[in-house]
Amino acid sequence: MYTQGLDQKDKSAPQRDTLETPEQLEAFQARIDAEEKIEAKDWMPEAYRRTLVRQISQHAHSEIIGMQPEGNWLTRAPTLKRKAILLAKIQDEAGHGLYLYSAGETLGVSRDAMVGDLLTGKAKYSSIFNYPTLTWADIGAIGWLVDGAAIMNQIPLCRCSYGPYARAMVRICREESFHQRQGFDILRVLCEGTPEQKAMAQDALNRWWWPSLMMFGPNDADSKHSAQSMAWKIKRFSNDELRQKFVDVTVPQAEFLGLKVPDDDLVYDEKSGHYRFGEIDWQEFIEVIKGNGPCNRQRLGKRRKAHEDGEWVREAARAYAEKQAAKAAA
Amino acid sequence: MSNKEWPLYEVFIRSKSGLSHRHAGSIHAADDQMALDHARDTYTRRSEGVSIWVVRSSQIVASDPAETAAFFEPAEDKIYRHPTFYEIPEGVENL
């Protein structure tokens, strides 16, 4: 599901960049411009590799952390059918995380290193998962809005210049529309229910709308790293373009549900054919990215605990495999 | 106790009989059986396969991308290997 415009500053100092000749860089850019895919062992600029490692691993972490807000409702899903669906969706998120770690590893970074960066808090994940899921309607809102926003972001990534990442995205996008539809379906049923159920759906939209718009990252004017990612064809559309697209398709869906988008500035502009919407609270976005969202500590704490609690299982499996291998050799 | 990663396996899936196995991605597993189980859970949740191969990534021998030109060049000037190289005289059929 959930990539984000997480193109923050690249803090690591350029290491091997100085050894890259202008001819190499030019030849590389020519391949990109010709829409050739770059594959794992191909020559690539160190900065291209680093950008991809950062983006792919953060994308993977988002999938993994993204299981938590939904997992919160597994034991309290209203019916067995909803529970089975939610369980399948969460399992998909784990799978998406694994496809992405697998793509990240092709760039020469180990899975342990990527996971380690998540657990120490060095690597980021999508800000959206630091919001709590307070009611069942939130599960609907996550599927509809958060997965909806993720689809907008991810479809262009299927054409990303890096082959292994693009292929992982194709697989992910195929599975994503189930996620969005099941979310919409949850809200549709609530909206057709009692006034209290409809109010619950409205409350979920009120709380998830703005954080979903933030998923596309900073405004283009403030997104310093976009230009290079566009030139490398890692990114195909700007943050604002994708955000606009999302608003344009989602507002009519909210109208269908009979829900009100919580934005007094929202108007349809006949001339351009787009919805105009209000200013995002960027201070909130920055705070959540910095670790001060409602659930940041809880999310990371749970992930760390799960990792530590699983250590004996990983160790036991390793010991068993070694024993079996020794037996077979004897 | 060692704290190293489980080995990496590459996963190949046959989507239906009649087609060949195709690379799907990779997974980590402690042993071969677990690799098959993880590959199934990771890559065939929607019945994408009828057969899975897993192989330790370290066992794969691959050509070197830096040597691509030199490695594959010898095939390039042998255009006579393609049927379109040959002229077919007018009037000749079923050739």
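Look a little higher up for the structure.
These numbers come from a predicted model, not from an experiment.

Asks: Tell me about the overall build of chain A, and please be specific about residues and values.
Replies: Tallying secondary structure elements over chain A gives 13 helices and 2 strands in all. The C-alpha radius of gyration computed for chain A amounts to 21 Å, which stays within 12% of the reference 20 Å derived for 330 residues, consistent with globular compactness. By the burial criterion, 52% of the 330 residues in chain A qualify as buried. Sequence separation of at least 24 residues holds for 80% of the intrachain contacts in chain A that already meet a minimum separation of 6. As displayed, chain A has an accessible area near 15300 Å², and 59% of this comes from carbon and sulfur atoms. Positive and negative charge centroids in chain A, built from 45 and 47 side chains respectively, lie 5 Å apart.

Asks: Tell me what's going on with unusual backbone geometry, and back it up with residues and numbers.
Replies: All names here are of chain A. Phi at E35 is positive, roughly 65°, even though this residue is not glycine. The backbone of K233 shows a phi angle near 60°, a positive value even though the residue is not glycine. Residue placement: K233 occurs in the loop between α9 (226-231) and α10 (239-257).

Asks: Hey, could you go over a nonpolar patch on the surface for me, with residue numbers and the actual values?
Replies: Residues and elements named next belong to chain B. Where nonpolar side chains cluster on the molecular surface, the patch consists of I79, Y80, F85 and Y86 and spans about 440 Å² of accessible area. Following the sequence through the fold, Y86 ends up in the segment after α2 (68-72). With a relative accessible area of 48%, Y86 lands in the partly exposed category.

Asks: An account of the interface of chain A and chain B is requested, with residue identities and associated values reported.
Replies: Taken together, the 25 residues of chain A in the interface contact 20 residues of chain B. Summing the contributions of chain A and of chain B, the shared interface buries around 1900 Å²; its carbon and sulfur component is 45%. A salt bridge links D92 of chain A to R45 of chain B; the shortest N-O distance between them is 2.7 Å. Between chain A and chain B we count 13 residue pairs in polar contact (both at pLDDT 80 or more) in total. Counting residues per element, the ones that place at least two in the side of chain A that touches chain B are α4 (80-105), α5 (111-119), α7 (163-191) and α13 (311-329) of chain A. Tallying contributions element by element places α13 of chain A first for the side of chain A that touches chain B, with 9 residues. In terms of residue class, the side of chain A that touches chain B is made up of 7 nonpolar, 5 polar and 13 charged.

Asks: Report on the nonpolar core, specifying residues and quantitative values.
Replies: Residue and element names in this part refer to chain A. Core analysis: the biggest nonpolar cluster contains 97 residues, and Y48, Y162, Y165, W208 and W209 have the highest contact counts within it. When residues of this core are assigned to their parent elements, the largest contribution, 12 residues, is made by helix α6 (residues 136-157). In contact with Y162, other than residues within four places in its own chain, are I38, E39, A40, M44, Y48, L52, I56, A103, T106 and L107.

Asks: Explain the sheet that holds strand β1 (residues 8-14) of chain B to me, and be specific about the residues and the numbers.
Replies: Sheets are built from strands paired through backbone hydrogen bonds, the pairs being either parallel or antiparallel. All names here are of chain B. The strand order β2-β1-β3 describes an open sheet built from 3 strands, whose pairing is antiparallel. The outermost strands of the open sheet, each flanked by one partner alone, are β2 (22-28) and β3 (51-56). Within this sheet the neighbouring strands show an average axis-to-axis angle of 30°, counted without direction. Taken together, the 6 bridges between β1 and β3 define a ladder with antiparallel strand orientation.

Asks: Kindly report on the packing of α7 of chain A against helix α8 (residues 195-214) of chain A, identifying the contributing residues and their values.
Replies: All names here are of chain A. Relative orientation of the contacting elements α7 and α8 amounts to 140°, with a least axis distance of 7 Å. On the basis of the axis angle, α7 is oblique to α8. Residues L187, L190 and C191 of α7 form the contact with α8, whose own contacting residues are Q197, K198, M200 and A201.

Asks: Break down the environment of W136 of chain A for me, with residues and values.
Replies: Residues and elements named next belong to chain A. Note on placement: W136 falls in helix α6. On the accessibility criterion, W136 (9% relative accessible area) is buried. Here the alpha-carbon distance between W136 and A84, two residues 52 residues apart in the chain, equals 15 Å.

Asks: Requested: an account of the state of the cysteines, with residues and values cited.
Replies: Considering all chains together, one arrives at 0 disulfides over all chains under this definition. Here C173 of chain A is not disulfide-linked; the sulfur of C158 of chain A is the nearest cysteine sulfur, at 3.6 Å.

Asks: Account for the packing of aromatic side chains, naming residues and giving values.
Replies: A full pass over the atoms with the stated rule returns 15 aromatic pairs over all chains. Centre to centre, the rings of Y99 of chain A and Y43 of chain B are 5.4 Å apart; their planes meet at 20°, and the pair counts as stacked. Separated into two different chains, Y99 of chain A in helix α4 and Y43 of chain B in helix α1 (residues 32-43) make up a pair that spans both. With respect to class, Y99 of chain A is no different from Y43 of chain B; both count as buried. Taking the centre distance of 5.0 Å and the plane angle of 90° together, the rings of F71 of chain B and F72 of chain B count as edge-to-face.

Asks: Break down helix α12 (residues 296-309) of chain A for me, citing the residues and quoting the values.
Replies: Spacing of three or four residues puts side chains on the same side of an α-helix, whose turn is 3.6 residues. Residues and elements named next belong to chain A. In this model, α12 (14 residues) spans 20 Å end to end at C-alpha, consistent with the 20 Å of a helix rising 1.5 Å per residue. Every buried residue belonging to α12 is among N296, R299 and L300, and all of these are buried. All buried residues of α12 project into a common sector of 90° when viewed along the axis, lining one side. Pointing more than 90 degrees away from the buried face of α12 are the exposed residues R297 and E308.

Cut-offs and rules
- Residues numbered from 1 in each chain as written.
- Chains lettered and ligands numbered in written order.
- Predicted model: local features only at pLDDT ≥ 70, side-chain atom pairs only at ≥ 80, totals over all residues.
- Heavy atoms only, no water.
- Helix = DSSP H or I, 4+ residues; strand = E, 2+ residues; numbered from the N terminus.
- Rg over C-alpha atoms; globule rule 2.2 N^0.38 Å.
- Buried < 20%, exposed > 50% of the residue type's maximum accessible area, 1.4 Å probe, protein only.
- Contact = heavy atoms within 4.5 Å.
- Areas by Shrake-Rupley, 256 points an atom, 1.4 Å probe, with all protein chains shown as cover.
- Lys, Arg positive; Asp, Glu negative; His and termini not counted.
- Charge placed at Lys NZ, Arg CZ, Asp CG, Glu CD.
- Patch = residues over 30% accessible without salt bridge, like charges linked within 9 Å, V, L, I, M, F, W, Y side chains within 5 Å.
- Salt bridge = Lys/Arg side-chain N within 4 Å of Asp/Glu carboxyl O.
- Buried area = accessible area lost by both parts, 1.4 Å probe.
- Polar contact = N/O pair within 3.5 Å; in protein donor to acceptor, adjacent residues only side chain to side chain.
- Nonpolar A, V, L, I, M, F, W, Y, C, P; charged D, E, K, R; others polar.
- Core = buried A, V, L, I, M, F, W, Y, C linked by side-chain atoms within 4.5 Å.
- Pairing = 2+ DSSP bridges.
- Axes fitted to C-alpha atoms, helices over the stretch in contact; angles between N-to-C directions.
- Parallel < 35°, antiparallel > 145°, perpendicular 65-115°, else oblique.
- Disulfide = S-S within 2.5 Å.
- Phe/Tyr/Trp six-rings, centres within 6.5 Å; stacked < 30°, edge-to-face > 60°.
- Expected span 1.5 Å × (residues − 1).
- Arc of directions from axis to C-beta.

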